[in-house]
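Listed below are the residues making up each chain.
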Amino acid sequence: MRRIVLVLFCGLLVIACSRTSQKNTTVPTPVIVEPAKNTFVTFESGPVRPVAKSLDGHRVFVTNTPNHSLDIFTYNEQEQLVLQHSVPVGIEPVAVSVKDEREVWVTNHVSDSVSIVRIDQVIPYVARTLLVGDEPRDIVFAKNRAFITTAHRGQHRTHSSLAGVEGAGDPLLHEPGIGRADIWVFDADEPGAAVGGTPLKIIELFGDTPRALAVTPDQSTVYAAVFHSGNQTSAVHESVLCYGFTDDDLGSQPCKVMDGIRSPAGLANGDLPGGRAAPGVNSDGVYQPWTSMIVKFDSDSGEWRDSMGRNFSNGIRFTLPDLDVFAINSESLQQTSAYSNVGTTLFNMTVNPKSGELYVTNTNSNNATRFEGPGITGGTTVQGNIAPARITIIETQSGQVSARPLNRHIDYSTLKESEAIKQHTVATPTQLAITKDGERLYVASLGSNKVAIYQTQDLKDQQLWDGRGEEFDPVTVGADHFNVPGGPVGLKLNETKNQLLVYTRFDNSVVVLNAQNGNELQRIAMLTPEPAQVKAGRFMLYDANRSSSNGEASCASCHVFGDSDQLAWNLGNPDASNQVNPQPFPTAKFSSLGCDFVGPTEPSCELLDILNGDGELLTIASMKGPMFSQSLRGMSTHGHMHWRGDRSVGYFGNDIEQQLDERTSFKNFIVAFEGLLGLDIDLPASVSEDNKSEAVINLENDMDKFADFILSVQMPPNPIRGLDNSLSNSAVTGRDFFIGTRRSDGLAVDSDLNGPEQDGVTCEGCHGLDPAKGFYGTRGEVAHGGEIQIFKVPQLRNLYSRVGMFGLPDREGFLPSHTKQHQGAQVRGFGFLHDGATDQLANFLKGGVFDNGEAPCPEGLSSSHGCDFNEGVVGIPDDTTRQGLVDFMMEFDSDLAPIVGQQMTLTFDYTLAMMERVELLQTRASTPFTSKILGGVVTECDLIVQGVIDGERRGFLFDSENQNFLTDRKDDESMTLTELSALISQESNSLTFTCQVPGMGRQMALDRNLDGVLNGDEE
């Protein structure tokens, strides 16, 4: 009899699907929408270059990220900054750079655009909007060219107007060996007449998404740094590893990889040295699951090694060059150098104007070290030692790279340091500023509420860092640091006025400091539409003083700017006990289908004894193995947190009634402050305990603020899906299967032998897609997808961000991997699923759980390849459907339509193509859209129009019901698009159309303070 279920070691998560309620229509029908309450959405975009000054030093420009504006300040006679103008730009601006006395350019992170702001007019305005790749971060000028960092994706890079541009076109998401860090280069004077400008070139660098840029004083070289550059770690798939752990009989013996292929530097004959590194039981003596295992590349030997130093190279089929910083010739636009091993997460850079040395702020992740907690049973822990802060010096002429750990005073072997340590610690170092003489370096420390000051000679002098004799002393140096409350993230030095200008993110302020002694001269709170509860809880993500005893570790150490660090961590705790999983488990019967319909000798039945390690279906094991850092964005509608839904059980409550309460689940992370971050606090067993200390009560209150903040942070729009919310042809094929009737797993037809339980599911059986309920891949349930642990069904909104790992051996229970041959150099070490050990979604979908039950195993394959699992009309029928599912997941539905954030600026010389884009924005603003976080049925966006007409700043809001534009003056009549466009017939007039988040349009365009008095009437 043919096998009908998968072997447990398939390593799969069951894909499920649900019919979407969002339908694309060729001609949208205007929808009547009740006036929505203001819906503020934050994306928590990380400021990169938020402060600039004019060439004459008399004006200061600040990207007001939450207000979506460029705020322009001038110095008055008392040398005090005064707000002069607030120029609306795109959604979440993060960088500003001064081109000349006429223009400044602003990158808009969510809008995928660059605003060219004319500053030589009485009323500054956006004169042009350039369209670029996904999530632009930084911008600099060199040799009269603009350089902009973006991710290697986004709808505009495939636009027909860029057909002749080198580097434009298909991002090749499914091709190995592709650089995925893009630099868009424009002629700064003639950016091109095309609808979004015409770049001279899109430079592709061999990394995964760039962030920071820097320029040499002579402008001959531009440096670009990869944001999440990795650290040459990866994971060997659980189904590739030998059985067991090194402290049991199975794991003490070597084995061979299934395909027998030897990787470079691998053991002979495709051997692996044994099972997972011990311990295989927790402190209670309970067996733990056979998970994947993190390995790190050893450059001396060329081997991939585990924590015991064993060679697991045969389990990894690629190399990671770890190219972090690139040098680009600003004239030829060619890469001239690349520098490796700079850091794991790279924030900002600056060039020494005298020596030419490059300084890079970064953190170095410690994910190759296992476990959280006290480290007694496991022997190691990352508690308090997660991602040490550093400045790395690159001597660009010699190529020497020297990392300087900034917190050498911390003894990481002391898990909970004394309180005094914190005053010398620098956490999350971001932007830098350097004096003209190249001797003094200022560093914004977001996690420490300070600006650190270093002498560049101290950083350069190798003798101070070699561990011999006189050494660099952070305690002594720390006495000169400036305390700057509010979360300093951006800096600009104004030496002519002896001032340091600081942008603080927690309170959204501009702070003016005396550059010599750090005295605060002025603090200006900028306008922000953020609700009070959002602002109040932000500090809990970043503030390492609040989070840890040594002042270095915070939640943002891994969840960088509320997102992911793109790494997997093994944060199990062998000193803890297993928990019982209370979450809904509608497909629980699937685990025993093999036993029920084949018998006790069926392999999956035999392997149930080690499910979750102890063989219990509802166990949450204390040693969970590697887990990919999930984004903290978009959690408000998706149930319990962590890959297994671990936080359904915890300090603030256990969800035995299956309420799937996101707030309580998030607050249950309170234990991570002590067990992972190393906060010196003695937490009781639960919130209901009596006689709690003041410190515990304060932390509980702070968790309420943290939950208010983080549950308001959302994911950005999908950058792969069409701007008209349409799917590619391949993705349509995948969607049709995803929402179809053919089951993808289990039995084709329910059996009476199994009672009322369902014996098979379509894709929609697990991965819910119901925008009205806020479900985008998960309903908060758990499922057994063939892995060795029971997992929460994951959401599917941001899979596009995990492209770049190619290379995976064959695994038991899968069709042969199409990337099992060594793939050579790749840009990232972690891919898909909970541990990042699966390189491609296509390889994931080759699992036996999705076997096409209509056909026997292809010639040359046996049932060990997972091709003889199902029976009847069930599973993925062919490779076309499989690829369609991959593409559908890349273009998956999300809380916001793809059009959100998109822009177009019209001036007197606008083209037909520009007007067509405006009409696209208007069409999408008329198209119904359903999203729970937006309040239900809305339109795809609120189309707002902002600009300058006849010397006055004006705002307009599109009314989708009447198909006209409301104005910012109560006595003005509404206007049609034709009438609105007629306003820009004069050269000095300009209007920028922006598809704003539904529910935010009125505030951003008509009534900034929502007091009922329109902006035009107030002025």
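The rules we used
Residues numbered from 1 in each chain as written. Predicted model: local features only at pLDDT ≥ 70, side-chain atom pairs only at ≥ 80, totals over all residues. Heavy atoms only, no water. Helix = DSSP H or I, 4+ residues; strand = E, 2+ residues; numbered from the N terminus. Rg over C-alpha atoms; globule rule 2.2 N^0.38 Å. Buried < 20%, exposed > 50% of the residue type's maximum accessible area, 1.4 Å probe, protein only. Areas by Shrake-Rupley, 256 points an atom, 1.4 Å probe, with all protein chains shown as cover. Lys, Arg positive; Asp, Glu negative; His and termini not counted. Charge placed at Lys NZ, Arg CZ, Asp CG, Glu CD. Core = buried A, V, L, I, M, F, W, Y, C linked by side-chain atoms within 4.5 Å. Contact = heavy atoms within 4.5 Å. Phe/Tyr/Trp six-rings, centres within 6.5 Å; stacked < 30°, edge-to-face > 60°. Lys NZ or Arg CZ within 6 Å of the ring centre and 35° of its normal. Polar contact = N/O pair within 3.5 Å; in protein donor to acceptor, adjacent residues only side chain to side chain. Expected span 1.5 Å × (residues − 1). 1 Å grid on protein atoms, 1.4 Å probe; cavity = no way out; pocket = protein on both sides within 12 Å on 5 of 7 lines; lining within 4 Å. Points joined across faces, edges and corners; volume = space filled by probe spheres on them. Nonpolar A, V, L, I, M, F, W, Y, C, P; charged D, E, K, R; others polar. Pairing = 2+ DSSP bridges. Axes fitted to C-alpha atoms, helices over the stretch in contact; angles between N-to-C directions. Disulfide = S-S within 2.5 Å.

1. Some thoughts on the overall build of the protein
Within the protein one finds 17 helices and 50 strands. At 28 Å, the protein has a C-alpha radius of gyration in line with the 31 Å of a compact globule built from 1019 residues. Reported as C-alpha extents along the three principal axes, the dimensions of the protein are approximately 85 × 75 × 65 Å. The buried share among the 1019 residues of the protein stands at 65%. Total accessible area on the protein stands at roughly 34300 Å², and carbon and sulfur atoms take up 47% of it. Averaging the positions of the 78 positive and the 130 negative side-chain charges in the protein gives two centres separated by 2 Å.

2. Some details on the environment of proline 93
Mapped onto the secondary structure, proline 93 falls in strand β5 (residues 93-98). Separated by 758 residues in sequence, proline 93 and aspartate 851 have C-alpha atoms that sit 47 Å apart.

3. Details of the nonpolar core
In terms of nonpolar packing, the biggest core is built from 67 residues, with Leu81, Phe666, Phe673, Met703, Phe706 and Ile710 touching the most fellow members. No other element matches helix α10 (residues 694-710), which puts 7 residues into this core. When near neighbours in sequence (up to four residues on either side) are disregarded, leucine 81 contacts Val60, Phe73, Thr74, Tyr75, Leu501, Val510, Val512, Gln522 and Ile524. Formed by 44 residues, the second largest nonpolar core is a distinct cluster that contains Met914, Leu921, Leu943 and Leu980.

4. Here we look at the packing of aromatic side chains
Following the criterion strictly, the structure yields 21 aromatic pairs and no others. Seen from their ring centres, tyrosine 651 and phenylalanine 652 are 5.1 Å apart, and the 70 degrees between their planes marks the pair as edge-to-face. Like tyrosine 651, the residue phenylalanine 652 is buried in the burial classification. By the ring-pair criterion, three or more aromatic residues cluster together here, those being Phe227, Phe347, Phe506, Tyr542 and Phe561. Positioned over the ring face of phenylalanine 227 is arginine 211, at 5.2 Å from the centre of the ring.

5. Thoughts on the side chain of serine 313
Residue placement: serine 313 occurs in the loop between β19 (303-305) and β20 (323-329). A distance of 2.7 Å separates the side chain of serine 313 from the side chain of asparagine 311, its partner in a polar contact. If we ignore the near neighbours within four places in the chain, the residues touching serine 313 are Ser263, Pro264, Ala265, Gly266, Gly302, Glu303 and Trp304.

6. A look at the side chain of asparagine 282
Structurally, the position occupied by asparagine 282 is in the loop between β17 (271-272) and β18 (293-298). Reaching out from asparagine 282, the side chain makes a polar contact with the backbone nitrogen of aspartate 284 at a distance of 3.0 Å. Polar side-chain contacts of asparagine 282 include one of 3.4 Å to the side chain of asparagine 578.

7. A look at α10
Look at α10: 24 Å from first C-alpha to last across 17 residues, which is about the 24 Å you get at 1.5 Å a residue. Within α10, the full set of buried residues consists of Val696, Leu699, Glu700, Asp702, Met703, Phe706, Ala707, Phe709 and Ile710.

8. Quick look at the layout of surface pockets
Reported here for the second largest pocket is a volume of approximately 1300 Å³. Around the second largest pocket sit 39 residues that line it, and Arg49, Ser97, Val215, Thr350 and Lys492 are the ones nearest its centre. Elements supplying a minimum of two residues to the lining of the second largest pocket: β1 (51-53), β5, β9 (139-142), β13 (210-215), β22 (345-351), β26 (429-434) and β30 (488-494). Tallied by class, the residues present in the lining of the second largest pocket amount to 21 nonpolar, 10 polar and 8 charged.

9. Focus: the pairing of strand β33 (residues 520-525)
Of the strand pairs in this sheet, strand β32 (residues 509-514) and β33 are connected by 5 bridges, and their pairing is antiparallel. Within the sheet, the bridge partner assigned to valine 510 lies in β33 and is isoleucine 524.

10. Describing the sheet that holds strand β24 (residues 389-395)
Here 4 strands make up an open sheet; going across it, the order is β22-β23-β24-β25 and the pairing antiparallel. The two strands at the open ends of the sheet, each matched to only one other strand, are β22 and β25 (400-405). Neighbouring strand axes in the sheet, compared pairwise and without regard to direction, differ in orientation by 25 degrees on average.

11. Description of the sheet that holds β19
The strand order across the open sheet built from 3 strands is β15-β18-β19, with neighbouring strands paired in antiparallel fashion. Looking at the sheet topology across the chains shown, the edges are occupied by β15 (233-236) and β19. Pairs of neighbouring strands in the sheet enclose a mean axial angle of 40 degrees, with direction left out of account. Note: β15 against β18, 4 bridges, orientation antiparallel. Paired with valine 236 across the bridge in β18 is methionine 293.

12. Concerning the state of the cysteines
What makes a disulfide is a covalent bond joining the sulfur atoms belonging to two cysteines. Tallied over the entire structure, the rule returns 3 disulfides. The residue that forms a disulfide with cysteine 242 is cysteine 255, at a sulfur-sulfur distance of 2.0 Å. An S-S torsion of about -90 degrees defines the bridge between cysteine 242 and cysteine 255 as left-handed. Placement of the pair is cysteine 242 in the loop between β15 and β16 (255-256) and cysteine 255 in strand β16, with a sequence separation of 13 residues. For cysteine 255, a relative accessible area of 22% translates into the label partly exposed.

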